[in-house]
Amino acid sequence: ITPWIASVASGYTLLRDPRYNKGLAFSDKERDAHFLTGLLPPAVLSQELQEKKMVKSLREYSVPLQKYVALMDLQETNEKLFYKLIIDNVEEFLPVIYTPTVGEACQKYGSIFRRPQGLYISLRDKGRVSEVLRNWPESSVQVIVVTDGERILGLGDLGCQGMGIPVGKLSLYTALGGVRPSVCLPITIDVGTNNKNLLENEFYIGLKQKRATGQEYDELLEEFMSAVKQNYGEKVLVQFEDFANHNAFKLLEKYRSTHLVFNDDIQGTASVVLAGLVASLKFGGTLADHTFLFLGAGEAGTGIAELIALEISKKTNAPLGESRKKIWLVDSKGLIVSSRRGSLQDFKKPWAHEHEPVKDLLGAVQAIKPTVLIGTSGVGKTFTEEVVRAMASINEKPIILALSNPTSQSECTAEEAYYWSKGRAIFASGSPFDPVEYNGKVYVPGQANNAYIFPGLGLGLIMSGTIRVHDDMLLAASEALAEQVSDDEHDRGLLYPPFKNIRKISARIAARVAAKAYDLALASVLPRPEDLVKLAESYMYNPVYNCFR
């Protein structure tokens, strides 16, 4: 054995390695060289024909969860075919591997669990988290998506079964952003669950105990974050996903100055929504001309509100506090106003403006007269007919964003928004809706999907060697995405470009993020490349089969 030869597995073992397995695409020569003869049927199929066959098979399933299970099986047996299929059919299968289907998959994760994906760190591992991380087979990890499962989409505490979220997010990092799958690590931190149904479910795969809080929780997270930096270095990106509000804000604030961290629910959602709002300005006016009303004042709502305020402040040179006055939030107790300040959580206090108390959303719409209505409540059917009609009576083209996931939790449907506004609403949602025909015209609803932002953002951070995430990078990502909406798409009322171009979009977002990192002296890959778009495209993972000698 010569030292310059790298050998992958051969024979039966090779067929069981998803990174290198090609199934029936192994040529006769490869089968002879790697002891595969007789282990496969004689036919040799191209990767394209394998993909065609798999797509045909998937389309025969009528239940989305069946498609999800089939795709996860493919990912675990033939990685390159899985990613090629997703890239070539992204608009069809994105809703299967991520929202809305991933929500149902998480709810039933214990029942559909077949083989482990990702890394599970539980309270039992306290004191040896670094050792557990070293059990992961890849040492050069660049992106970690981690959840504790306490607030999965709009579905609540799913405990250890929240692993579907990190797995799905990292699949999108690769398929949409071109980040190599070998550098991606999905992690679930299992501190128990308060979900009674899961605790009583014999198939539940996590710790059967009440969720840990306080010092016990904080110590485990601190050990985890220290171990991540110790094992993978300063430049590993840690994306927090679906933590409950009280932990999400605390963790982001605690670690943003010492680690490369990003919270997709707070920052990613904010960036993609801001991009849609910037794109809507082609209809006229500036961001500062709008008045914004949010239903929902959790991590998504306040995160979006803060990024909008930052963008207004940047464009108008107005103080941030002044820009915040254009933005109002409604929570479960009504409009957030200054008289409630004493009982508000800290992250809500910047949005407590002078106004008389208002108890419900309809009253807030009538009082504030917003031009933009944004739903991040996680509660379905809250944009009622009265609310939408009130928005339409105030505005010629009301902007209505029903962002809660999955589809069942959306504040209203696309059909309701268009019908109740008599076709005048500019609508986008968090989960996909089909086109709507009203009065002989077809309306195509936009989808404010975080998948527009985080894959490109992550790629930009990796290729520039960025060491910290700055808010200006999120603004840069938003502006880059908004620029990708063509005039034709704008004329059709679209706030976002079609997903079929997502890799080109991600490359441009990555380039803009990397450029901002260099401007802020936060990039460590030097000298600065001349063509960052070209660099981003060259970094992207290509899921075409290799030839084995």
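Calculation criteria
Residues numbered from 1 in each chain as written. Predicted model: local features only at pLDDT ≥ 70, side-chain atom pairs only at ≥ 80, totals over all residues. Heavy atoms only, no water. Buried < 20%, exposed > 50% of the residue type's maximum accessible area, 1.4 Å probe, protein only. Helix = DSSP H or I, 4+ residues; strand = E, 2+ residues; numbered from the N terminus. Contact = heavy atoms within 4.5 Å. Core = buried A, V, L, I, M, F, W, Y, C linked by side-chain atoms within 4.5 Å. Expected span 1.5 Å × (residues − 1). Salt bridge = Lys/Arg side-chain N within 4 Å of Asp/Glu carboxyl O. Pairing = 2+ DSSP bridges. Axes fitted to C-alpha atoms, helices over the stretch in contact; angles between N-to-C directions. Domains from an automatic or database assignment. UniProt positions renumbered as here; feature names shortened; annotations may be inferred. Parallel < 35°, antiparallel > 145°, perpendicular 65-115°, else oblique. Left-handed = near helix turned anticlockwise from the far one by under 90°. Nonpolar A, V, L, I, M, F, W, Y, C, P; charged D, E, K, R; others polar.

Caption draft 1: View of helix H5 (residues 79–88). Of all 10 residues that make up H5, 8 are buried, and the element is covered over most of its length. If you check which residues of H5 are buried, you get Glu79, Lys80, Leu81, Phe82, Tyr83, Lys84, Leu85 and Ile86. The inward-facing, buried residues of H5 contact helix H3 (47–59), helix H4 (64–77), helix H6 (90–97) and helix H10 (164–177).

Caption draft 2: Structural detail: the nonpolar core. Counting 112 residues, the largest nonpolar core has Leu71 and Ile308 as the members making the most contacts within it. Look past the residues within four positions of Ile308 in its chain and what remains in contact with it is Leu274, Leu277, Leu287, Phe292, Phe294, Ile327 and Ile374. Counting 34 residues, the second-largest nonpolar core is a separate cluster that includes Leu119, Ile121, Trp136 and Leu252.

Caption draft 3: Region of the structure containing H4. For H4, with 14 residues, the first-to-last C-alpha span of 20 Å sits near the 20 Å given by 1.5 Å per residue. Every buried residue of H4 is accounted for by Leu65, Lys67, Tyr68, Val69, Ala70, Leu71, Met72, Leu74 and Gln75. Structurally, H4 contributes buried residues whose contacts are with H3, H5, H6, helix H7 (101–107), helix H8 (109–112) and H10.

Caption draft 4: Fine view of the pattern of salt bridges. Scanning the model with the defined rule gives 35 salt bridges in all. Notably, a salt bridge pairs Glu51 with Lys84, separated by 3.0 Å at the nearest N-O pair. With Glu51 in helix H3 and Lys84 in helix H5, the pair connects residues that are 33 residues apart, well separated along the chain. By the burial criterion, Glu51 is buried, and Lys84 matches it.

Caption draft 5: How the structure looks around the pairing of strand S7 (residues 327–331). Burial runs high along S7: 5 of the 5 residues are buried. Side chains Ile327, Leu329 and Asp331 of S7 all project onto a buried face; the interleaved residues Trp328 and Val330 project onto the opposite face, where all are buried too. One ladder, built from 4 bridges, connects strand S6 (residues 292–295) with S7; its direction is parallel. Within S7, the residue paired with Phe294 across the bridge is Leu329. Pairing between S7 and strand S8 (residues 334–335): 2 bridges, direction antiparallel. Of the residues in S8, the one forming a bridge with Asp331 is Gly334.

Caption draft 6: Here's a closer look at the sheet that holds strand S3 (residues 184–190). Overall, parallel pairing links the 5 strands, which are arranged S1-S3-S2-S4-S5 in an open sheet. Lying at the two open borders of the sheet, with one neighbouring strand each, are strand S1 (119–122) and strand S5 (261–263). Going across the sheet, the axis of each strand differs from the next one's by a mean of 25 degrees, ignoring polarity. Along the sheet, H10 contacts strand S2 (143–147), S3 and strand S4 (237–240); its crossing angle with S3, the most-contacted strand, is approximately 165 degrees. Packing against the sheet, helix H13 (residues 245–255) makes contact with S4 and S5, and its axis sits at approximately 155 degrees to S5.

Caption draft 7: The arrangement of the domain arrangement of the protein in detail. On domain assignment, one finds that the protein holds domain 1 (8–45), domain 2 (100–263), domain 3 (268–448) and domain 4 (451–539). Taken over C-alpha atoms, the centre of domain 1 sits 38 Å from the centre of domain 4.

Caption draft 8: Layout of the UniProt feature "domain: Malic enzyme N-terminal" (unreviewed entry) in the protein. Within this structure's numbering, the places UniProt gives as "domain: Malic enzyme N-terminal" (unreviewed entry) are residues 75–256. As annotated, residues 75–256 has a helix share of 47% and a strand share of 11%, and its two end C-alpha atoms lie 32 Å apart.

Caption draft 9: Layout of the packing of H3 against H5. Two elements in contact, H3 and H5, have axes separated by 10 Å at closest approach and are oriented at 70 degrees. It follows that H3 is roughly perpendicular to H5 by the angle criterion. Both H3 and H5 take part in a crossing whose hand is right-handed. Across from Gln47, Glu48, Gln50, Glu51, Met54, Val55 and Leu58 in H3, the residues of H5 making contact are Lys80, Leu81, Lys84, Leu85 and Asp88. Among the residues making up the contact of H3 with H5, the classes are represented as 5 nonpolar, 2 polar and 5 charged.

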